[in-house]
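Each chain, written out:
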Amino acid sequence: MIEPLTAVLQAIDNNREDALERLFQLLRFPSISTDPAYKQDCRATAERCVATLGEMGFRADLCETSGHPMVVGHDRPADVEGKLHVLFYGHYDVQPPEPLELWTTPPFEPRLDFEPENGEVIIARGAGDNKGHFSTFLEALRAWKLAAELPIVVTVLLEGEEESGSHSLPEFLDRHGKEITCDVTFICDVVQWDKDTPAIIVRLRGIVGLEIVLTGPSRNLDSGQYGGPALNPIRTLVHVVADLHDADGRVTIPGFYDGIVQPSPGEKKQRAALNFDASAFLGEIGLTVAAGEEGYSALEQLWERPTCAFNGITGGYQGVGSNAVIPSKASAKISCRLVPGQDSKKVLASLRTFIQSRVPQDCKVEFRETEGRSHTAFCIDPQSPYLKSAAEALKEEWARAPVLMGSGRAVPIVPELNRTLGMDRLPVRFGLDDDRIHSPNEKFNLRNFQKGARSWARIIDRLARLS
């Protein structure tokens, strides 16, 4: 008698063309969550996801929110006693495709292409982030349902606002948290180490941000008439933001580094063994040297150190030619990437105090919090049985152990699940740094799409053993 996992893997391999067509159907929906003009397209995408889960035997529904709906699907067999309950999370919304003129073909007309370094690739908006990735575990679930019997209890959650701040996520979790509470959550919204090496994200940075607006004179002034005695808010602004770092790139906000959870010795050892090529990493974006904190490698700066970054600065005349004006206002957008152990509220309060203390007489400061941009950092217990099971399964499929990575990104669902439900979370994904997510000609390697489904099938088999 054929083993269940073997039958499941065969089912995945035998249905590759159908799986690709199902993904192409999903990619044709322009589910751009940030633009109200695409509200109905987002809803249609969610309805397609509900129908897909229903075809697989899940009890699936749309859960209304104040924004775009959530998709929730349950597969709960009659006999659930002692079985592990797993939540799979993805998001069906995508980023806007602009600039359209840089796409080689329309962004919502998916196609296969060939790249020498990657082989066959799927080109479309959402191929890499996130429709291709959550489709990998849907295909694994489909194969288990077709060829054997799901050995765990599964809930699927597909969000519709991840790309626009997850504004409705907290309210959804407050209202429906009990419905989706499980033993562990798997999240497919990060990258793997390289095209041949899988990864599990064990550390994610969080983020807080605000905009500061400085106002000096009551109106714009002619610099010939007022230059000298009149306060210039641009001059004040550049002094304030310059004070946020010292000469070694260290953030100077008091208490900024308090409470940081250091990586374990095992994480440090594995990181050192990766032989990360910082020159090649920076060379791809036209740079040559790491510009973060002195004394830390580029990988440490990305995975384990917090940052304070300037995302936009404006003031005065921005048009063609010159206009010798002293502006009334100047502003800057600032974001801080946080690491595990930092208190986001304390960091934000200290940042406000730091800025306020440097604003001179006759200059007013206004703080505007950046909507939807506040998420805490997290790290995984290195002894987690779910981590070990997933690592073993990935090694079986890829013939090499996964890298336990950090990530500089913030994924809203990760801290929210912990805040609301206290659930273990494990980010696993099969995309690459060169997938051009959020950019024209976004892609997802066809091989990674296929091996991703096989990987999830193996992870499910390994998780069932924990039951």
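Structural data are supplied above this passage.
Residues numbered from 1 in each chain as written. Predicted model: local features only at pLDDT ≥ 70, side-chain atom pairs only at ≥ 80, totals over all residues. Heavy atoms only, no water.

1. Observations regarding the environment of E163
- Mapping E163 onto the fold places it in the loop between strand 6 (153-159) and helix 5 (169-180).
- Put simply, E163 and R458 are 295 residues apart on the chain and 29 Å apart in space, counted from C-alpha to C-alpha.
- Every residue in contact with E163, bar those within four places of it in the chain, is listed here: S33, H91, D93, V94, Q95, D129 and H438.
- A polar side-chain atom of E163 sits 3.1 Å from a polar atom in the side chain of Q95. (Helix = DSSP H or I, 4+ residues; strand = E, 2+ residues; numbered from the N terminus. Contact = heavy atoms within 4.5 Å. Polar contact = N/O pair within 3.5 Å; in protein donor to acceptor, adjacent residues only side chain to side chain.)

2. Remarks on a nonpolar patch on the surface
- Taken together, I234, V238 and I313 make up a surface patch of nonpolar side chains, about 240 Å² in accessible area.
- Relative to the assigned elements, V238 resides in helix 7 (residues 233-242).
- Judged by its relative accessible area of 39%, V238 falls in the partly exposed class. (Patch = residues over 30% accessible without salt bridge, like charges linked within 9 Å, V, L, I, M, F, W, Y side chains within 5 Å. Areas by Shrake-Rupley, 256 points an atom, 1.4 Å probe, with all protein chains shown as cover. Salt bridge = Lys/Arg side-chain N within 4 Å of Asp/Glu carboxyl O. Buried < 20%, exposed > 50% of the residue type's maximum accessible area, 1.4 Å probe, protein only.)

3. Topic: the sheet that holds strand 11 (residues 307-315)
- Sheet architecture is open: 4 strands sit in the order 11-13-9-14, paired in antiparallel fashion. Two strands bound the open sheet, and with one partner strand each, they are strand 11 and strand 14 (364-369). Ignoring which end each strand starts from, the neighbouring axes of this sheet average 20° apart.
- Judged from the 8 bridges that link them, strand 11 and strand 13 (residues 329-338) form a sheet pairing that is antiparallel. Each residue of the ladder has a partner; that of I313, found in strand 13, is A332.
- The strands touched by helix 7 within the sheet are strand 9 (206-215), strand 11 and strand 13, with strand 13 carrying the most contacts at an inclination of about 15°.
- The sheet strands contacting helix 11 (residues 344-356) are strand 9, strand 13 and strand 14, and the helix crosses strand 9 at an angle near 20°. (Pairing = 2+ DSSP bridges. Axes fitted to C-alpha atoms, helices over the stretch in contact; angles between N-to-C directions.)

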